[in-house]
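Fold and contact review
So you can see what is in the structure, the chains are spelled out below.
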Amino acid sequence: MLNYLLHFLFPRTCGHCHRDLVSQTQNPLCPTCFEQLQLIVPFLDSATISFAPQNLYCQRCGIPLPHGGAHCHACRGKRFFCDNIRSVFLFTPPLQSLIHRFKYEDRKSLAQPLGEWMGSAFKQYPELQDTEILIPVPLHAQREKKRGFNQSHLLAAIHSQNTGLPLSKILTRIKPTPPQVKLSKTQRIENVQEAFELHDTESIKHKKVLLIDDVCTTGATLEECARVLRRKGHAKKVYALTLARQI
Ligand SMILES: [Zn+2]
Ligand SMILES: [Zn+2]
């Protein structure tokens, strides 16, 4: 009865198509939109949700490689500060809508289901299991103030609760960089150069660190964060986990 009353007073709608959701569900998407999500590794209890075949992804950057192989073209034969990047979903429309609502429509409550999906996917990647510390990709203070929160920090906080791994905020963004969205690959690399600073160079020394972010496009931001964590903080390994992967 209480559920019905709450639903009547505060109707919950699908984060993508805006249809009413049944009152009890924690899922922010209706069943139709939920089935349109594209997982990179399977973990959700849905027979219809699509995913790239397990382990057929680039061992470095995590993009699906439907025809197999160890590395994608962009990662082959190169060295990176970020040892590997893994993501939960491909950046397709239902997820784009959820992330947009989360970041720009002040729907902080979405951190819970999105962070839980992240936690479930994390368990499916054996290569991330020796992580010792979580570090959210920081926003510049001005942007965080304007938005009221850093979405990556909220996701990392849920992930920390679920895994018991400590969360550290030693990485800060010192350059108010424009959003990466409309930039070319080269501009993205230049945009984030010298954009990050480390507060404390002792706490991650020889540790394995997991960066947390909402979306990975070219990996330029993660790579620059990883460069600082390794060069200045002497991290032993830097991994990254993002909710969405744009390809
Ligand atoms: Zn829907
Ligand atoms: Zn790759």
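In this text the structure is predicted, and so the values were computed from the model without any measurement.

Basis of the calculations
- Residues numbered from 1 in each chain as written.
- Chains lettered and ligands numbered in written order.
- Predicted model: local features only at pLDDT ≥ 70, side-chain atom pairs only at ≥ 80, totals over all residues.
- Heavy atoms only, no water.
- Core = buried A, V, L, I, M, F, W, Y, C linked by side-chain atoms within 4.5 Å.
- Buried < 20%, exposed > 50% of the residue type's maximum accessible area, 1.4 Å probe, protein only.
- Helix = DSSP H or I, 4+ residues; strand = E, 2+ residues; numbered from the N terminus.
- Contact = heavy atoms within 4.5 Å.
- Donors = N, O, S within 2.8 Å, 3.2 Å for Na, K, Ca; no water.
- Tetrahedral: all angles 85-135°; square planar, octahedral: opposite > 155°, others 65-115°.
- Expected span 1.5 Å × (residues − 1).
- Pairing = 2+ DSSP bridges.

Some remarks on the nonpolar core
- By size, the foremost hydrophobic cluster in this structure holds 41 residues, and its most contacted members are Phe89, Leu114 and Trp117.
- For this core, the secondary structure elements donating two or more residues are helix 2 (31-34), strand 3 (84-90), helix 3 (93-104), helix 4 (111-123), helix 6 (151-163), strand 7 (208-216) and strand 8 (237-245).
- Per-element tally for this core: the top contributor is helix 4, with six residues.
- With near-sequence residues (within four places) excluded, Leu114 lies in contact with Leu95, Leu98, Phe102, Leu155 and Leu243.
- In terms of nonpolar packing, the next biggest core, distinct from the first, is built from 24 residues, Ala195, Leu198, Ala226 and Val238 among them.

Some thoughts on the coordination of the zinc ion (ligand 1)
- In the first shell of the zinc ion (ligand 1), the protein supplies Cys14 (SG), Cys17 (SG), Cys30 (SG) and Cys33 (SG), at 2.3 to 2.4 Å from the metal.
- Bound by four donor atoms, the zinc ion (ligand 1) shows angles of 104 to 115° at the metal and therefore tetrahedral coordination geometry.
- Going along the chain, you hit the donors of the zinc ion (ligand 1) in the pattern C-x2-C-x12-C-x2-C.

Some details on helix 6
- Along its 13 residues, helix 6 runs 18 Å from first to last C-alpha, staying within 8% of the 18 Å computed at 1.5 Å per residue.
- Of the positions making up helix 6, those classed as buried are Gln151, Ser152, Leu155, Ala156, Ile158, His159 and Ser160.
- Positive backbone phi, at 80°, marks Gly164, one or two positions downstream of helix 6.

Section: the pairing of strand 3
- Within strand 3, seven of the seven residues are buried, which leaves the element mostly enclosed by the surrounding structure.
- Judged from the six bridges that link them, strand 3 and strand 8 form a sheet pairing that is parallel. Looking at the pairing, Ser87 lines up with Thr242 of strand 8.

Some remarks on the coordination of the zinc ion (ligand 2)
- Only Cys58 (SG), Cys61 (SG), Cys72 (SG) and Cys75 (SG) from the protein coordinate the zinc ion (ligand 2), and they sit 2.3 to 2.4 Å from it.
- Note that the zinc ion (ligand 2) binds four donor atoms; their angles at the metal cover 103 to 117°, and the shape is tetrahedral.
- Sequence positions of the residues that donate to the zinc ion (ligand 2) give the spacing C-x2-C-x10-C-x2-C. Assigned by exposure class, Cys58 and Cys61 land together as buried.

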